[in-house]
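Fold and contact review
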There are 8 protein chains.
Amino acid sequence: MNRTELKALLDAVGDGRLTAEAAQEQIFQVLSQKPFEDIGYARVDHHRASRQGFPEVVFGQGKTPDQIAGIAERIVAAGHTLLVTRTTPQAAEAVRAVLPDAAFHPLARTITLRQGEPAPGKGTILVAAAGTADLPVAEEAAISADVMGNAVERLYDVGVAGIHRLLAEQARLRSARVIIVAAGMEGALPSVIGGLVDVPVVAVPTSVGYGASFGGIAALLGMLNSCASGLSVVNIDNGFGAAAVASAINHLP
Amino acid sequence: MNRTELKALLDAVGDGRLTAEAAQEQIFQVLSQKPFEDIGYARVDHHRASRQGFPEVVFGQGKTPDQIAGIAERIVAAGHTLLVTRTTPQAAEAVRAVLPDAAFHPLARTITLRQGEPAPGKGTILVAAAGTADLPVAEEAAISADVMGNAVERLYDVGVAGIHRLLAEQARLRSARVIIVAAGMEGALPSVIGGLVDVPVVAVPTSVGYGASFGGIAALLGMLNSCASGLSVVNIDNGFGAAAVASAINHLP
Amino acid sequence: MNRTELKALLDAVGDGRLTAEAAQEQIFQVLSQKPFEDIGYARVDHHRASRQGFPEVVFGQGKTPDQIAGIAERIVAAGHTLLVTRTTPQAAEAVRAVLPDAAFHPLARTITLRQGEPAPGKGTILVAAAGTADLPVAEEAAISADVMGNAVERLYDVGVAGIHRLLAEQARLRSARVIIVAAGMEGALPSVIGGLVDVPVVAVPTSVGYGASFGGIAALLGMLNSCASGLSVVNIDNGFGAAAVASAINHLP
Amino acid sequence: MNRTELKALLDAVGDGRLTAEAAQEQIFQVLSQKPFEDIGYARVDHHRASRQGFPEVVFGQGKTPDQIAGIAERIVAAGHTLLVTRTTPQAAEAVRAVLPDAAFHPLARTITLRQGEPAPGKGTILVAAAGTADLPVAEEAAISADVMGNAVERLYDVGVAGIHRLLAEQARLRSARVIIVAAGMEGALPSVIGGLVDVPVVAVPTSVGYGASFGGIAALLGMLNSCASGLSVVNIDNGFGAAAVASAINHLP
Amino acid sequence: MNRTELKALLDAVGDGRLTAEAAQEQIFQVLSQKPFEDIGYARVDHHRASRQGFPEVVFGQGKTPDQIAGIAERIVAAGHTLLVTRTTPQAAEAVRAVLPDAAFHPLARTITLRQGEPAPGKGTILVAAAGTADLPVAEEAAISADVMGNAVERLYDVGVAGIHRLLAEQARLRSARVIIVAAGMEGALPSVIGGLVDVPVVAVPTSVGYGASFGGIAALLGMLNSCASGLSVVNIDNGFGAAAVASAINHLP
Amino acid sequence: MNRTELKALLDAVGDGRLTAEAAQEQIFQVLSQKPFEDIGYARVDHHRASRQGFPEVVFGQGKTPDQIAGIAERIVAAGHTLLVTRTTPQAAEAVRAVLPDAAFHPLARTITLRQGEPAPGKGTILVAAAGTADLPVAEEAAISADVMGNAVERLYDVGVAGIHRLLAEQARLRSARVIIVAAGMEGALPSVIGGLVDVPVVAVPTSVGYGASFGGIAALLGMLNSCASGLSVVNIDNGFGAAAVASAINHLP
Amino acid sequence: MNRTELKALLDAVGDGRLTAEAAQEQIFQVLSQKPFEDIGYARVDHHRASRQGFPEVVFGQGKTPDQIAGIAERIVAAGHTLLVTRTTPQAAEAVRAVLPDAAFHPLARTITLRQGEPAPGKGTILVAAAGTADLPVAEEAAISADVMGNAVERLYDVGVAGIHRLLAEQARLRSARVIIVAAGMEGALPSVIGGLVDVPVVAVPTSVGYGASFGGIAALLGMLNSCASGLSVVNIDNGFGAAAVASAINHLP
Amino acid sequence: MNRTELKALLDAVGDGRLTAEAAQEQIFQVLSQKPFEDIGYARVDHHRASRQGFPEVVFGQGKTPDQIAGIAERIVAAGHTLLVTRTTPQAAEAVRAVLPDAAFHPLARTITLRQGEPAPGKGTILVAAAGTADLPVAEEAAISADVMGNAVERLYDVGVAGIHRLLAEQARLRSARVIIVAAGMEGALPSVIGGLVDVPVVAVPTSVGYGASFGGIAALLGMLNSCASGLSVVNIDNGFGAAAVASAINHLP
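First, a word on what this report is: a plain description of the structure on this page. From a predicted model like this one, the values you see are computed outputs, not experimental measurements.

This brings us to the overall build of chain A. The helix and strand inventory of chain A stands at 11 helices and 11 strands. Among the 253 residues that make up chain A, the fraction classed as buried is 61%. Sequence-distant contacts in chain A: of pairs separated by 6 or more residues, those separated by 24 or more amount to 63%. Entry remark: accessible area of chain A is about 9,000 Å², with carbon and sulfur atoms responsible for 55%.

Okay, here's the thing in structure tokens:
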């Protein structure tokens, strides 16, 4: 139960849509949860949603399919929505053995299982990507943003080498509340987009490239040095991180 | 005239607070301005406010006092608010010779001159700094955010080596709409703050440190790798950039 | 026979608990050992314990299972305790074929076989880890410290993004004589712990992370630049090295 | 006498515009020059024009005013055009004491003195610069290209943060035979220009920026990783080098 | 239809070799093509040739054989010449299943299928390589330049450690219109060649080497710092990029 | 009042050497101090000694002489011992204007003023330095360790290029309880010393060197990669940090 | 036939040990060889021995077994001694299929086949290695030096963490004419050896290590910054290169 | 008295040119010297010549003129030849105040004062430099080699951009016993020279350059990756170090 959800609950009481007793019960249920659950190889944090606006997200890299399935089970059992990032088909299979409703998104390398309706964001998050190779990162951002309760639009393959394709989409750029831009190689796309809009732009460098791209360093430096204003940066390939920033912005009251 | 100001104008017409003629005059004045003015060593961009929500900001580094004064004069003559960053007492003197109302902020190394009332942000931007040496960057952020129409609070000298000083201020952290965190050396403060709140955190690494701080690289990498969610990063020492991101967020309707 | 063990022996003679003859025999046995033993692909150092307080440790990386088994056999034959680090299940199998009592610790990737009772450390070494992915390094430190004669406690999954979990454990932090802290990504945990205690903190950066973590560089730089005092650093992923430092401190008379 | 000049001379003989004797005399004069002249602190290369299409250029950095004046005198005495790069007002004064016709270009930090008419390039070299701070490098390129016999146009202050200023100049971009693009910070301008034209683009990163621009590395990497085709790169701040490449292209028959 | 082809068409009308109707039909066909075609995982750009002088090139790295075959089919169906770089035998097989005339060049790791006759370049592009290990990059450049309509010559295994082999080939060096030089390790070959000729030299560093070559950084830095003039650089291992630069130069009217 | 001092006080009460009233008064005085004092440009932390074993240390770099004098005055007024590091003769003069008893150590660039007797360490801290140029860092460590209540010995100019000078001092090395080793250039001295002793070694790389020493990186990497056990590392030039680690070790009960 | 061999031949004529005719025949045979032989994928250089003192060496990395066998056959057919470095058991098998007398050295990863007696070096080359993991590089150096006609001694496992093992071998160190020292991790061994002798020391850093060894960078920097004189460095893992330097020194008349 | 001088002395006794008494006296005098002399800020090593073949050299960087003069006085008083490197005119003045015969070499930034005749090297050391800006480093090498008893030749301004100037000097290159090559920027000269000779080449990268030369890193990497054999490298700008290597080689019996 995050801040927005709590407020909605109290409003419902204020409006008479909910009895104080029902509200008390719901809040009590959250309070009676253990703040975290120790399952040996991890401490599953059940109060994360209250503190950070979204339940604990499982970072799949370096965990076995069984470990991921085990953590996923605890999160779902506690009534939370499930999001696993940087995972594999093997892990998805293990998760679906215990949670048949879980969905695997191969391009985004994520597993999701929604429970309940998340507090809705105020506007749309537009996820732009420079090239086809940036799609795994862009999709990780889009899926994550979606599961966090945001309306998401995609604008892919609009790299600066063919700037006319981007300029044709200015209306879509302007109608977004936050824009996530994933780009590898020279990482120039966020600068160009940042110069066209006045909403916050979250730039996520990708490790796409070769030679002097140095696994995303070129794109990262390009974005940090952008002369466009309103632009901030997350770690290389961190699509989920970009979504978390964008969702935090989009959920501001 | 940025998006918010245009909307306010049209609302005033709708409410009958302003005649259509007066509104037409104001809009006409903006439209009749040249989009930019060529003064030899620079092209002063007079439509920046319409596109980006704030007039062109003068980046003082590498410009002579006379050049800065010249650009400042054009900006003020066009009716815009003036903000000069990364500047010097000498430049401030040159600016005040032609614009006696301009204010110089020595710690922040900025010059400001407000004209008209900027569109107000919705909430408060809290600017936190880890140590005394981070204050020039934090103050650049605070002054910039203030002049862009945001309510600004400051929370200084709360580095992680004395974590209790920070924890005592959780209420102030939670009441902000956006938080800017400036930190040098190991750059751990944004991670800790990011774990305590659910609003967006803009981390700005500073070049404060020595030895293996490598002019801010250590802090930059620390922030990019933060496991706290909702946290994005701007360039080393870029206090103004952090303010621009925070203000864009704070001005979302 | 290290310094502590020699002193204990002489004290026993002084106290009359041991005859001079028995002591002489024990010391003679050590002196009559060859200082090192040449087995072709390595020179096994049999006097290391006297000089450094612990017998030669086998660094498993880049050695074949047969080589490791061969060296292990010589060390055990000389009456020393065995510790193999950075090794594999295959090597463990080869070692157990010749030394059936040897134990393999899969998470820590170490093989151990105790012989005799090591000189006990004075207090407790607490091994803290930021996240699940840091456990292999933390366990290498814990197993190594244990086999060197130290009481070891573990405090895992207490990263700074959920600072309350760490703060709840201040009593355990304060009761330790030395603290080892393993952390990857931004590596902020040692700074936070260092600010809470007055005992020495040995920070060990791990290569856990992606993108701009650069294989542990981000964590390493964060730790070197820590503003907490009493904190020193060992190489990335060097759990054994951290244990050796902590044990040297814990065995000071 | 470079390849183009030699061909012009022989054509003139073929056309009867020049007697064989006069041509012989001119060629003889070149051949009778010493290939280089040793003046102690330098060997002035008098055959460079024949081999490389332009006389030896004096790289001013790290030379005293007297040394520069001495070398300049020898070059001019041999009948060559003078170009000194990366120099200072003090050096210009020393040069003008012995060569009163020499011109100093303070922004470009170059000294020039034309002798004779250089072989003309076939088309126009357009020199574009992203921001005001890039002008010293852009001007070094423009002055150098001009003195090498090229028609030069300038297009300054067209950085990607205000892409409309650049797009308005597409006609000028398309009419050039070669384009030099100087940009610092994120260095995205060459990528954008490269996507708009089919002529060769020579990108020159500048050291303009701060923080994570690392003295031009960010711009350099951005340019090397550009996904625009027909784009090649020279060293950071190497305006002269860019001009030499562009002039070699522009002088191809 | 690129600039050169359009001019040839109009010349043919002017000369009476082609009726205006036939020309109109050809131009119309191009104009009636969609500017790009969306096939889900990519937007195939059909106007690239008009804008950049060569149809869209398929960068094979990170694409599946099926994706490559799908894109290749669209390009060929639109009447364009096909060039796939950084690809594999598996992809070649998939392409040849749908386009039996496509050719695979294993050393160059490219797939080609010519359609129509490209506009011919004015002179010869010489591709030089320092050692045997640089051949994949050199061949990618040679095949790419050839398919773009350039006469290509090869000069391989002429590294600076045996400078006499290079000097014996000065005539071939001088007869080229543009020279591409691929070299790894210390990357000195472009400097030496650049000192011998007055035509543009495009240097392409390769990742050949070990130890302190750092995957081509040593060669890249060597080339960027070359004191030879007329030399510019492309990304590490970017043979195609070098060919695109050289072809743009060679197709200047 | 740190842990050791508190214990001494309580022991004195237990032994009857001090009345409970006197002890209560002393403890009360500490408790009644403000935890920190806000003087505008800094918050002076008066409880640091209780938490970390030593009062707040003034890091002089980047502070004006007046600021340093102001902070020093507050610390001394609160009854604490003063230690200012990385300072200047000008700052020392300003401090002595208000605190005439303060001592300036020019080589160590530190200012000290003892108040009361610090809790004594158990053994000796030996400070070793490789060369003359490392003395400022070594002396910063030595002065800091001394003022923290440790017996300090110095062993200077014993670099590995003349290993016999070091070997002649093995007795002194062995009699220390902790060893601090400062070395620049290749930074090999800590490895050699670490191989000779069984006590903890704190290695502090210095920025002494040129060329490929990269301001201390070579020494830092050398120390982190040391194969000697019991060795940990602090930041480049961080003499104070090394002393804090060594003192924490030396004050363990 | 290198310089030394030519001199020996002429001396033999001078001494009457060889008739002028026989000498003429031998010299003629060399002169009548082609300077290099083009076999498609390589130009085998048959005059390398005359120019550099040793026949062309085959760098095996990145060549197929068949290519290596093909080149090896040509070298042996021309009467030269064969040396293949950085090769594999598969390549050795392919070579032995055509050259049954060739020897494979698995630890050194080299193939050799001696033909004739190389000119002998004047003294002994001592190859020292810090640890077991450095042996592949040390053995590459030893085998290479041996096949080039040098007397070779080995001194392995003498790293600085057990300095007494090295000091016990000072006599062997002093009796060498050149010393090659291979070391990874902190790379301190060459500094220590360099301080003990007055003969040239060739340091070869190895990529042995982990974490902050960065694949040999730590060792490389340590060696370049060594304060010992008479010490020079070759590339990381370049055992052959070290042997070539040492052999060139050892063959000076 | 180094090894060569001792041998010469004993030979003289053997030949009857010197009485045993005189030899005994000379040897005694050396033995009766203190091995080092402690003058507070330095320990002057008087036995260095015996161990390393040349007396202690004073590294001037970071020492005051007075300190340098003090150390110089002790060295000369002990009968040794004086060599101070990386020094200044101020230091030279201070040295000449106490040692009027000392010579200052401004370009090489060294001070020398010969005492006695050094043991002569066997051949000539050739010092080559790529450009004028490399002369300070080349001269440091030349002066140092000269004072160590070597015949020195200079070959300056022969960079690879004008390769014919170098090729014209092949006879001089071949007549040297060792070659030192100083080069900045791309650092290609040692590779080219290394391919022309069979004697050892000592490459010294210089910090000459700008932009991506990174203070000599480009040249250093180029030299380490050279494919020429017989080439080793010293630290950036380390002219003295190159001379020490070359002299050690040239003094081999």
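What follows deals with the state of the cysteines. Simply put, disulfide is the name for a covalent bond between the sulfur atoms of two cysteines. Tallied over the full model, the rule gives zero disulfides over all chains. No disulfide involves F:C227; its sulfur sits 17 Å from that of G:C227, the nearest cysteine.

Rotating chain B by 180 degrees and translating it 0.1 Å along the rotation axis places it on chain A, where the RMSD comes to 0.1 Å. Both copies of the chain, as the preceding transformation shows, are related through a two-fold rotation axis. If distances are taken from each C-alpha of chain B to the rotation axis, the shortest is found for B:V233, at 2.5 Å. Looking at the interface residues of chain B, 100% of them are also at the interface in chain A, so both copies use one shared face.

What follows covers the relation of the copies chain C and chain B. Two chain copies, one operation linking them: a rotation about an axis together with a shift along it. After a rotation of 179 degrees and a shift along the axis of 0.0 Å, chain C superposes on chain B with an RMSD of 0.2 Å. Here 100% of the interface residues in chain C have copies in chain B that are interface residues too; the copies meet face to matching face.

A few words now on the environment of F:V57. Looking at the secondary structure, you find F:V57 in the loop between α3 (48-52) and β3 (58-59). For F:V57 and F:I163, which are 106 residues apart along the polypeptide, the C-alpha to C-alpha distance reads 36 Å.

What follows concerns the interface of chain C and chain B. Listed by partner, the interface residues are 24 residues for chain C and 24 residues for chain B. Carbon and sulfur atoms supply 72% of the area that chain C and chain B bury against each other, a total of about 1,900 Å² over both sides. Between chain C and chain B we count zero salt bridges in total. Where chain C meets chain B, there are eight residue pairs in polar contact (both at pLDDT 80 or more). Among the secondary structure elements, those contributing two or more residues to the side of chain C that touches chain B are α7 (163-167), α9 (189-194) and α10 (217-224) of chain C.

Right, let's talk about the packing of aromatic side chains for a bit. Here the structure, examined in full by the defined rule, presents eight aromatic pairs over all chains. Sitting over the face of the ring of G:Y210, C:R86 holds its NZ or CZ atom 3.9 Å from the ring centroid.

Turning next to the interface of chain B and chain A. Facing the 30 residues of chain B at the interface are 30 residues of chain A. Carbon and sulfur atoms make up 50% of the surface buried where chain B meets chain A, a total of about 2,800 Å² over both sides. Our count for the contact surface shared by chain B and chain A stands at zero salt bridges. Put simply, chain B and chain A have eight residue pairs in polar contact (both at pLDDT 80 or more) between them. Elements that contribute at least two residues to the side of chain B that touches chain A include exactly α3 (48-52), α10 (217-224), β11 (231-233) and α11 (239-250) of chain B. Looking at the side of chain B that touches chain A, the element that brings in the most residues is α11(B), giving four residues.

Conventions we followed
- Sequence order as written defines the numbering, with residues in each chain counted from 1.
- Each chain takes a letter, starting from A, and each ligand takes a number, starting from 1, following the order in which they are written.
- In keeping with the predicted nature of the model, local features appear solely for residues at pLDDT of at least 70, side-chain atom pairs appear and are counted solely at 80 or more, and the whole-chain, interface and lining totals rest on all residues.
- Side-chain metrics rest on all non-hydrogen atoms present in the structure, leaving aside hydrogens and water.
- Strands here are runs of E lasting at least two residues and helices are runs of H or I lasting at least four, both read from the DSSP assignment and numbered beginning at the N terminus.
- Relative accessibility decides the category of a residue: with a 1.4 Å probe and only protein chains considered, values under 20% of the type maximum give buried, values over 50% give exposed, and everything between is partly exposed.
- What makes two residues a contact is simply this: any of their non-hydrogen atoms within 4.5 Å.
- For the area figures, the Shrake-Rupley method with a 1.4 Å probe applies, and any residue is considered shielded solely by the protein chains shown.
- In this description, the term disulfide denotes a pair of cysteine sulfurs within 2.5 Å.
- The copies were overlaid with a least-squares fit restricted to C-alpha atoms from residues scoring a pLDDT of at least 70 in each copy.
- Defined in terms of a 1.4 Å probe, buried area is the accessible area two parts forfeit on being brought together, summed over both.
- Each salt bridge in this description consists of a side-chain nitrogen of Lys or Arg and a carboxyl oxygen of Asp or Glu lying within 4 Å of one another.
- Polar contacts, as counted here, are pairs of nitrogen or oxygen atoms within 3.5 Å of one another; within protein the pair requires one atom able to donate a hydrogen and one able to accept it, and residues that are adjacent in sequence qualify only if both atoms are side-chain atoms.
- Only rings of Phe, Tyr and Trp enter the pairing, Trp through its six-membered ring, and a pair is recorded when the two centres are within 6.5 Å. The plane angle decides the type: under 30 degrees is stacked, over 60 is edge-to-face, the rest tilted.
- Charge over a ring is defined by NZ of Lys or CZ of Arg lying within 6 Å of the ring centre and within 35 degrees of the ring normal.

Geometry only, nothing functional implied.
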